[in-house]
Structure formats: structure tokens, C-alpha cells
Amino acid sequence: MTRTALMTAVDLVKAPLMYKGKVRELYDLGNDQMLIVVTDRISAFDYVLEPGIPDKGNVLNLVTRAWFEVTAQFMQNHMIHCDIDQLGDIIVDKEVLRHRIMVTRKATRIPVECVVRGYVTGGGWRQYQETGMINGRELPAGLRKNERLPHPIFTPAKKNDVGHDEDITIAEMEAWLGEKLTAQLAEKSIMLYVLAHAYCEDRGIVLADTKLEFGFIDDEILLIDEIFTPDSSRFWAMDKYDLDIEIDSMDKEPVRTFLANSNWDKNSQPDPLPAEVVEETAQRYTQILHALFQEK
Ligand SMILES: Nc1ncnc2c1ncn2[C@@H]1O[C@H](COP(=O)(O)OP(=O)(O)O)[C@@H](O)[C@H]1O
Ligand SMILES: [Mg+2]
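Predicted model, so just to flag it, every value in this text is computed and none were measured.

Visitor: I tried to follow a negative patch on the surface on my own but got confused; where do I start?
Guide: Where like charges cluster on the molecular surface, the negative patch consists of Asp32, Asp218, Asp219 and Glu220. Considering the arrangement of structural elements, one finds Asp218 in the loop between β15 (205–217) and β16 (220–224).

Visitor: I'm lost on the site of ligand 1 in this one. Help?
Guide: Residues in contact with ligand 1 amount to 15 residues; listed here are only the nearest, Val23, Arg24, His78, Arg109 and Glu213. Contact between ligand 1 and Arg24: an oxygen atom at 2.6 Å from a main-chain N or O atom of the residue. In the model, an oxygen atom of ligand 1 is placed 2.6 Å from a nitrogen or oxygen of the Glu213 side chain. The protein chains hide 90% of the 560 Å² of surface that ligand 1 would expose on its own. Residue assignment for the shell around ligand 1 shows that the elements contributing at least two residues are β2 (24–28) and β7 (101–105). Here the residues of the shell around ligand 1 are counted per class, giving six nonpolar, three polar and six charged.

Visitor: Even after reading the chapter, I still don't get the nonpolar core, so can you show me in this structure?
Guide: Most often, soluble globular proteins keep nonpolar side chains buried together rather than apart. Core analysis: the largest hydrophobic core is formed by 60 residues, its most contacted members being Leu185, Phe214 and Leu273. If near-sequence neighbours (up to four positions away) are discounted, Leu185 is found in contact with Ile110, Cys114, Phe154, Met173, Phe214 and Ile221. Ranked by size, the runner-up nonpolar core spans 14 residues in total, among them Met7, Val10, Val13 and Val103.

Visitor: I would appreciate a short explanation of the pattern of salt bridges in the present structure.
Guide: When charged atoms on two side chains of opposite charge get close, those side chains can pair. Within the structure shown, the criterion is met by 22 salt bridges. Between Lys94 and Asp85 there is a salt bridge, with its nearest N and O atoms 3.8 Å apart. Under the relative-accessibility criterion, Lys94 is labelled partly exposed at 27%. According to the relative accessible area criterion, Asp85 is partly exposed, its value standing at 43%. Across the pair Arg98 and Asp85 runs a salt bridge, and its minimum N-O distance is 3.2 Å. With Arg98 in the loop between α2 (94–97) and β7 and Asp85 in the loop between β6 (79–81) and α2, the pair connects residues that are 13 residues apart, well separated along the chain. Judged by relative accessible area, Arg98 falls into the partly exposed class, the value being 24%. One network of salt bridges, with partners in common, ties together Glu113, Lys159, Lys211, Glu213 and Asp225.

Visitor: Looking at this structure, I do not really get the domain arrangement of the protein chain. What am I missing?
Guide: One widely used convention gives an interface's size as the accessible area the parts lose upon coming together. Each domain of the protein chain was delimited in the assignment, giving domain 1 (17–106) and domain 2 (109–254). For domain 1 and domain 2, the distance between their C-alpha centroids amounts to 22 Å. Together domain 1 and domain 2 conceal approximately 2000 Å² of surface at their shared face, both sides included; 66% is due to carbon and sulfur atoms. Across the domain 1-domain 2 interface, the total number found is two salt bridges. Linking Arg24 and Glu226 is a salt bridge whose minimum nitrogen-to-oxygen distance equals 3.1 Å. The interface formed by domain 1 and domain 2 holds 10 residue pairs in polar contact (both at pLDDT 80 or more) in total. A class-by-class count of the residues in the side of domain 1 that touches domain 2 yields 10 nonpolar, six polar and five charged.

Visitor: Before we go on, may I ask you to explain the sheet that holds strand β1 (residues 17–20) in this structure?
Guide: Pairing between the strands of a sheet comes from backbone hydrogen bonds, and it takes one of two forms, parallel or antiparallel. Read across the open sheet, the five strands follow the order β1-β2-β3-β7-β6; overall the sheet is antiparallel. At either end of the open sheet lies a strand with only one pairing partner, and these are β1 and β6. Ignoring which end each strand starts from, the neighbouring axes of this sheet average 30° apart. Pairing between β1 and β2: three bridges, direction antiparallel.

Cut-offs applied
Residues numbered from 1 in each chain as written. Chains lettered and ligands numbered in written order. Predicted model: local features only at pLDDT ≥ 70, side-chain atom pairs only at ≥ 80, totals over all residues. Heavy atoms only, no water. Patch = residues over 30% accessible without salt bridge, like charges linked within 9 Å, V, L, I, M, F, W, Y side chains within 5 Å. Areas by Shrake-Rupley, 256 points an atom, 1.4 Å probe, with all protein chains shown as cover. Salt bridge = Lys/Arg side-chain N within 4 Å of Asp/Glu carboxyl O. Lys, Arg positive; Asp, Glu negative; His and termini not counted. Charge placed at Lys NZ, Arg CZ, Asp CG, Glu CD. Helix = DSSP H or I, 4+ residues; strand = E, 2+ residues; numbered from the N terminus. Near = heavy atom within 4 Å. Polar contact = N/O pair within 3.5 Å; in protein donor to acceptor, adjacent residues only side chain to side chain. Nonpolar A, V, L, I, M, F, W, Y, C, P; charged D, E, K, R; others polar. Core = buried A, V, L, I, M, F, W, Y, C linked by side-chain atoms within 4.5 Å. Buried < 20%, exposed > 50% of the residue type's maximum accessible area, 1.4 Å probe, protein only. Contact = heavy atoms within 4.5 Å. Domains from an automatic or database assignment. Buried area = accessible area lost by both parts, 1.4 Å probe. Pairing = 2+ DSSP bridges. Axes fitted to C-alpha atoms, helices over the stretch in contact; angles between N-to-C directions.

This is the structure:
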């Protein structure tokens, strides 16, 4: 993929804007359809950082599209097509948006981040160290950081409109959304994680954990948003998976390291990312696309 110009603001679609997220913009196409444009914006702790990461939008969209194709036979999803030429006059500059768009079905979002963890790491590791549990679930004693769990676990978080997402227990999710829906989402999330974990393993990558989102159309549940991307998942190179060393994850790690070293208070706009951090991150996103979906 040749590097394209940074695209962090969308001003190229003549359709009503439904939602402007931290990374995506959603446009109403009528007929129960919408257009998702994935920008090169990057966020951390609910802040959109400056500048963006060149080609990040293309990568996220192409990765999501490929995973939707791989998983469609097991779980339906919101994708209709990614063909910009079918959109006619509503797109002002087709070449800029060519790989960054997906036409989808409009769903009623279920406001839960369906997180699946196969390994004890990140926020899960912090919880486990403090309590021996993750989201209220008891885990075997003596696990080491980044160790594989005996089984993948479902650790949901409530999507809050204001403020951060909030980890909840299965019992809390059941009380909120009902036992049946909770069981369905847990079962589908774990099934998809197991499938993707095996696919990644075949390509020398460990899918440590991930976040999925689901929605309803009438009474049907379907996958929405993005899936198994470097923004929603933690990928490790298998040949660097070693419990005795710090694992460098394949995605936003340069950004996390920069922010951690910059004494950012997480309550104000952080410093702009230096050029080397932007470049290193751009390379990692592109590498994941290739590692996952280039012909072997
Ligand atoms: N098919 C769909 N129907 C309704 N909402 C969707 C659908 N797909 C994705 N979304 C929502 O669109 C938003 C995508 O934009 P994003 O920039 O990722 O937002 P956020 O900053 O909330 O993460 C998310 O809030 C997601 O829940
Ligand atoms: Mg999002």
C-alpha cells in the first residue's frame, strides 16, 4: 500500500452526519443504511491525539472488512459493501475515501463493549494483581503477567455516553440486559474470539484480547462497528511472546510509551505526537494488515 495523505477531518460526503466518533463518522444514507468513514484519527483515554496516523483509517477499514468476510458464515454483521463507486455523487473525492468507507445496515446499538480476554494483560492484569479477579470473576492463583488463561473469558464494559467505559460483572450485565441476551452475547463473543485466535495463530500472531460490539435490527443480533482491528484488539508477535520479558504489542504501543513518558495527566489534551512516534505507529498498523491478510 502506498502511503496516502493524512485524513483526519471528513468534508467529502454530501449526506446527513449522524454521529461523529473519535475515529469514525457515520452518515445517513436513508433506506436503513449508513456510510461509515474511517479517519486517521487516533485516540487514547477518550482524547483524540494530534496529529493522526497516516493510513490508519484504510487499515482499520480493510481489516474489518476482511474479518467480516471470514466470520460471516458464523455470525451476521452490518456490512453491505465497501464499493465507493456505488455511492455516486454523494462522495466529493472518491480517491481519498476509496479504502476508508463501508456501507452498513443501521442497527440499534447494544451499549456494551463485549470484551474477550484470552491472556492476563493490560487492565485485566491490573485487576488480577489487586483482587485475584477480573470483572468479579475468580481466576486461578499464581498467573503471571501475559499468561494464557485456561479458557477465554468474557469481561464486558458498559459504554457510557459521558465519561469512561465501566467494567461490569456478568451478574450486573444480566440484571441490566437480561440473562438471555447476556448469555447470547457472551457465547457469540467467545466463539468469534476463538475463531480469530486460531486464524491469527496460523499467521504467527497472538490475539491476546479484543472488544466486539453488537446491535439489533428488529429481533436479530448482528455484529457492528469494527472487528479484530489493532484499535479494538491486542496483537502480539508469537516469536516475541515470552513471559520473562515485556511484550511489545503490535499496535499503539509507541503512542502508549510516549504518553506514559510525557507525564500526561489524562484529564487534558496531551502533547502532540512526535514525528517518529507517528511514523512507527503507521508502520505497525500497515504491518498488521499485511500479517493478517496478505497471501501466505
Ligand atoms: N451498524 C451500526 N449501527 C449503529 N451504530 C453503529 C453501527 N456500527 C457502529 N456504530 C457505532 O458508531 C460509532 C463508531 O465511531 P467511533 O469513532 O468508533 O466511535 P467512538 O468514539 O464512540 O468509539 C460507535 O459508537 C459504534 O457503536
Ligand atoms: Mg470506537
